[in-house]
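Single-letter residue listing:
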Amino acid sequence: MRRKFYTILKENRKSLEVVPDNAQVVALQAKGTRPPFFMIDSYPYFIDVVKLTGSDQPVLSIIGQEDTQLSDDYSIYDEANAHLKTILSHQPHGPYMLGGCSASGIVAYEIAQRLRALGNEVGLLVLFDTPNPHFMREYSDFWMTVTSYRSDLSKLQWNEIPGWVMDKFRRLKEGKSGWLPWKWNIVNPTRRLIDEYGPLSARVTAARKYRPAPYSGKCLLIKRDRELIGRYRDPHFGWGEVIEGEIEICKVSAADHLEIFKSERDRMLVAQTLRRSIDKVVLASLESVVAERDAAIGHAVLSHS
């Protein structure tokens, strides 16, 4: 049986956890009496955010199955449905708090929709550097190629640019260029994002087809705010078109999609914002419980009278 390795927190210290390949959940931080925060998949450096969020806040990472994500039959809706069952088995009642980074944020969005459709309360949805795929067209071949060329050119010396241009023309003439010329010998960060941490190819295809339905809950959007081009300059990454509830924006200084949790400053900012948002959900839930209790007591007193 294959194994996966995850960095988790034990007694607020990092520890390596080995889980079976078919595991559905790994507790990044298990302790705490507060409602858990569900993170769809995980992400580099996110464990440092978990540590800064507080030792009393449970954080569970929902593990995506790579075999399913590679299947030609893969869809955002099917993955969301599988994760929905996992979440409900770990927490039967709301309020629910969940989020995801990059394409996993799209899955989290769909899970939140389904939780609400079942009559459950979603107290917090967090999108970590996740654009609306329909509005942003992030996963279109054209925009990935623009990002690819821009990244390549930024790494070249002036005397290397003519050779780079000639290579592109040669490939175009040979009919090999297309919109995704990944064979250039420079390490392409967009390709690296997909291969290592971001959406797999089936997920990219599924994301292109996904059309987010309107969502009336609260959303926290963690987003980069540097070196953005085109529609990425939209303050809500395109979610303003479909999210009808409150959208809180937390801007981080990272310019690289893979490094939104890397710098200490960004990690601290994300952790503080996440903790504050979770605290509001927890407080509102406690106030609701107290109000229901007081109402029940008042009803009992009146009945007795």
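Details of the structure are given in the entry above.
The rules behind each value
Residues numbered from 1 in each chain as written. Predicted model: local features only at pLDDT ≥ 70, side-chain atom pairs only at ≥ 80, totals over all residues. Heavy atoms only, no water. Core = buried A, V, L, I, M, F, W, Y, C linked by side-chain atoms within 4.5 Å. Buried < 20%, exposed > 50% of the residue type's maximum accessible area, 1.4 Å probe, protein only. Helix = DSSP H or I, 4+ residues; strand = E, 2+ residues; numbered from the N terminus. Phe/Tyr/Trp six-rings, centres within 6.5 Å; stacked < 30°, edge-to-face > 60°. Lys NZ or Arg CZ within 6 Å of the ring centre and 35° of its normal. Expected span 1.5 Å × (residues − 1). Contact = heavy atoms within 4.5 Å. Pairing = 2+ DSSP bridges. Patch = residues over 30% accessible without salt bridge, like charges linked within 9 Å, V, L, I, M, F, W, Y side chains within 5 Å. Areas by Shrake-Rupley, 256 points an atom, 1.4 Å probe, with all protein chains shown as cover. Salt bridge = Lys/Arg side-chain N within 4 Å of Asp/Glu carboxyl O. Axes fitted to C-alpha atoms, helices over the stretch in contact; angles between N-to-C directions. Parallel < 35°, antiparallel > 145°, perpendicular 65-115°, else oblique. Left-handed = near helix turned anticlockwise from the far one by under 90°. Nonpolar A, V, L, I, M, F, W, Y, C, P; charged D, E, K, R; others polar.

S.K.: With reference to specific residues and values, describe the nonpolar core.
M.R.: If you look at the biggest cluster of nonpolar residues, it comprises 38 residues, and the most contacted ones within it are Leu98, Tyr109, Ile111, Leu125, Trp239 and Ile243. Per-element accounting of this core gives the leading share, 7 residues, to helix H4 (residues 103–117). Counting residues in hydrophobic clusters, the runner-up holds 35 residues, among them Val19, Ile47, Val59 and Val282.

S.K.: Describe in detail the packing of aromatic side chains, supporting the description with residues and values.
M.R.: The final tally for this structure, using the stated rule, is 7 aromatic pairs. Three or more aromatic residues joined by ring pairs make a cluster, and in this case those are Tyr43, Phe46, Phe128 and Phe261. Positioned above the aromatic ring of Tyr215 is the side chain of Arg116, whose terminal nitrogen or guanidinium carbon lies 5.3 Å from the ring centre.

S.K.: If you had to explain H4 to someone new, which residues and values would you point to?
M.R.: In this model H4 runs 22 Å from its N-terminal to its C-terminal C-alpha over 15 residues, within 8% of the 21 Å that 1.5 Å per residue would give. Residues of H4 that are buried: Ala103, Ser104, Gly105, Ile106, Val107, Ala108, Tyr109, Glu110, Ile111, Ala112, Gln113 and Leu115. Looking one or two residues beyond H4, the residue adopting positive phi is Gly119, at roughly 90 degrees.

S.K.: For unusual backbone geometry, give the residues involved together with the corresponding values.
M.R.: At the junction of Gly94 and Pro95, the peptide bond is cis and its omega measures out at 5 degrees in the coordinates. By the element assignment, Pro95 lies in the loop between helix H3 (76–90) and strand S6 (96–101). Its identity as a non-glycine residue notwithstanding, Asn12 has a phi of 65 degrees, on the positive side. When you line up the elements, Asn12 lands in the loop between strand S1 (3–10) and strand S2 (13–20). A relative accessible area of 33% places Asn12 in the partly exposed class. Within the chain, Asp129 stands out as a residue other than glycine whose phi angle is a positive 50 degrees. When you line up the elements, Asp129 lands in the loop between strand S7 (122–128) and helix H5 (133–136). Given a relative accessible area of 1%, Asp129 falls into the buried group.

S.K.: Give a description of the environment of Ser104 that names residues and reports values.
M.R.: Mapping Ser104 onto the fold places it in helix H4. Accessibility expressed as a relative area gives 5% for Ser104, which makes it buried. Separated by 25 residues in the primary sequence, Ser104 and Glu79 have C-alpha atoms spaced 9.9 Å apart. Contacts of Ser104, omitting those with residues within four sequence positions, involve Ile40, Asp41 and Arg203.

S.K.: Describe helix H1 (residues 46–53), with residues and values.
M.R.: The buried fraction of H1 amounts to 6 of the 8 residues, a majority that puts the element mostly inside the structure. At the exit of H1 stands Gly54, carrying a positive phi of roughly 130 degrees.

S.K.: Explain the pairing of strand S8 (residues 219–224) to me, using residue names and the numbers behind them.
M.R.: It is a general feature of regular strands that their side chains alternate between the two faces of the sheet. Counting buried positions along S8 yields 6 of 6 residues, so the element is predominantly enclosed. For S7 and S8, the ladder comprises 4 bridges, and the chain directions are parallel. The partner of Val126 across the bridge, within S8, is Leu220. Across 6 bridges, the pairing between S8 and strand S9 (residues 247–252) is parallel. Residue Leu221 lies in a different strand from S9, and its bridge partner there is Ile249.

S.K.: Tell me what's going on with the side chain of Thr273, and back it up with residues and numbers.
M.R.: For Thr273, the location among the structural elements is in helix H10 (residues 264–304). When its relative accessible area of 5% is taken as the criterion, Thr273 is described as buried. Setting aside residues no more than four positions away along its own chain, Thr273 makes contact with Leu220, Glu248 and Cys250.

S.K.: Explain the pairing of strand S3 (residues 25–29) to me, and be specific about the residues and the numbers.
M.R.: For S3, the buried fraction is high: 4 of the 5 residues fall into the buried class. With 4 bridges connecting them, S3 and strand S5 (residues 59–62) associate as antiparallel partners. Bridging across to S5, Val25 finds its partner in Ile62.

S.K.: Give me the lowdown on a nonpolar patch on the surface, citing residues and values where you can.
M.R.: Taken together, Phe5, Leu16 and Val18 make up a surface patch of nonpolar side chains, about 320 Å² in accessible area. Note on placement: Val18 falls in strand S2.

S.K.: Before we move on, could you go through the packing of H3 against H4 and cite the residues and values that matter?
M.R.: Packing of H3 against H4 brings their axes to within 9 Å, and their N-to-C directions diverge by 60 degrees. On the basis of the axis angle, H3 is oblique to H4. When you trace H3 past H4, the crossing you get is right-handed. For the pair H3 and H4, the contacting residues are Ile76, Tyr77, Glu79, Ala80, Asn81, His83, Leu84, Ile87 and Leu88 in the first and Ile106, Val107, Glu110, Ile111, Arg114 and Leu115 in the second. The residue inventory of the contact of H3 with H4, partitioned by class, reads 10 nonpolar, 2 polar and 3 charged.

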